[in-house]
Amino acid sequence: MKKLVALIVTTAATPAFAASGPFFSLRNTDFVVLLGFILFIGVLVKFGVPSMLTGMLDKRATDIRFELDEARALREEAQSVLASYERKQREVQEQADAIVKQAKLDADAAAEKAKDDLKTSIARRLASAQEQIASAEASAVREVRNTAVAVAIGAAQDVIAKSMTAAEANTLIDDAISEVSTKLH
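Fair warning: this is a prediction, and the values are worked out from it, not measured in the lab. Residue numbers here run from 1 along each chain, matching the order of that chain's written sequence. Only residues with pLDDT of at least 70 are given local features in this predicted model, and only at 80 or more are side-chain atom pairs given and counted; all residues enter the totals for whole chains, interfaces and linings. As a rule here, side-chain values cover all heavy atoms of the structure and leave hydrogens and water aside.

Description of the overall build of the protein
Move 1: Per the convention used, a helix needs a DSSP run of H or I reaching at least four residues, while a strand needs a run of E reaching at least two, with both numbered from the N terminus. Along the backbone of the protein there are four helices and zero strands.
Move 2: Helices and strands appear in the protein in the N-to-C order α-α-α-α.

Quick notes on the pattern of salt bridges
Move 1: Any Lys or Arg side-chain nitrogen located within 4 Å of an Asp or Glu carboxyl oxygen qualifies as a salt bridge. A complete count under the given rule lists four salt bridges for this structure.
Move 2: In this structure, Asp 63 engages Lys 59 in a salt bridge whose closest nitrogen and oxygen atoms are separated by 3.3 Å. In this pair, Asp 63 and Lys 59 both sit in helix α3 (residues 49-163), four residues apart, roughly one turn of the helix.
Move 3: Note on Asp 63: relative accessible area 30%, which makes it partly exposed.
Move 4: By relative accessible area, Lys 59 is classed as exposed at 54%.
Move 5: In this structure, Lys 115 and Glu 112 form a salt bridge, with 3.9 Å as the shortest nitrogen-oxygen distance. Taken together, the positions of Lys 115 and Glu 112, both in helix α3 and three residues apart, correspond to about one turn of that helix.
Move 6: With relative accessibility at 48%, the residue Lys 115 sits in the partly exposed group. Relative accessibility thresholds used throughout: buried, under 20% of the residue-type maximum; exposed, over 50%; partly exposed, between the two (1.4 Å probe, protein chains only).

Examining the confidence of the model for the protein
Move 1: With 88% of its residues at a pLDDT of 70 or more, the protein has an overall mean of 85.
Move 2: Ranking the elements of the protein by mean pLDDT puts helix α1 (residues 2-12) last, at 63, and helix α2 (residues 29-46) first, at 91. Confidence scores labelled pLDDT are given residue by residue by the predictor and lie between 0 and 100.

Observations concerning the side chain of Asn 28
Move 1: Inspection of the secondary structure puts Asn 28 in the loop between α1 and α2.
Move 2: Classification of Asn 28 as buried rests on a relative accessible area of 9%.

Okay, here's the thing in structure tokens:
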């Protein structure tokens, strides 16, 4: 049926009907060209060129379908790889955010510890300074007392030396010796 339709189509719209004179004559060039064309088509059909062409087209269609399937599979694989990388990127971003958050917490804790250490150090230094001040005050008071005692002893010595006689001094010395001997034994 296909062959008949092809023959009718090739002969129906040819310029052979526009030639003058009898159409079915070997002197009519249009008729000779038509016969050559029909003979050429017949030879092509005889040797199976249309089936070869359709086979080639079918093979090409199969190859194209295979390439499309392969491209589709590659696309799906690329999408899965992309999704995998996006997931890994999200995980890495989450880890980076967690690291930054932990670093901020550590820095805040270190700052608080440094503040506490500074307060402790200041308190320790203040206590040490207060101890030094108290020690200096005690030393100054001792020095003042010692000086006052020395001055009082010197004054008392002068007063006693001026008011005491030699006999009284000998009596005091004897009393002091006896007191020392009783305390030592």
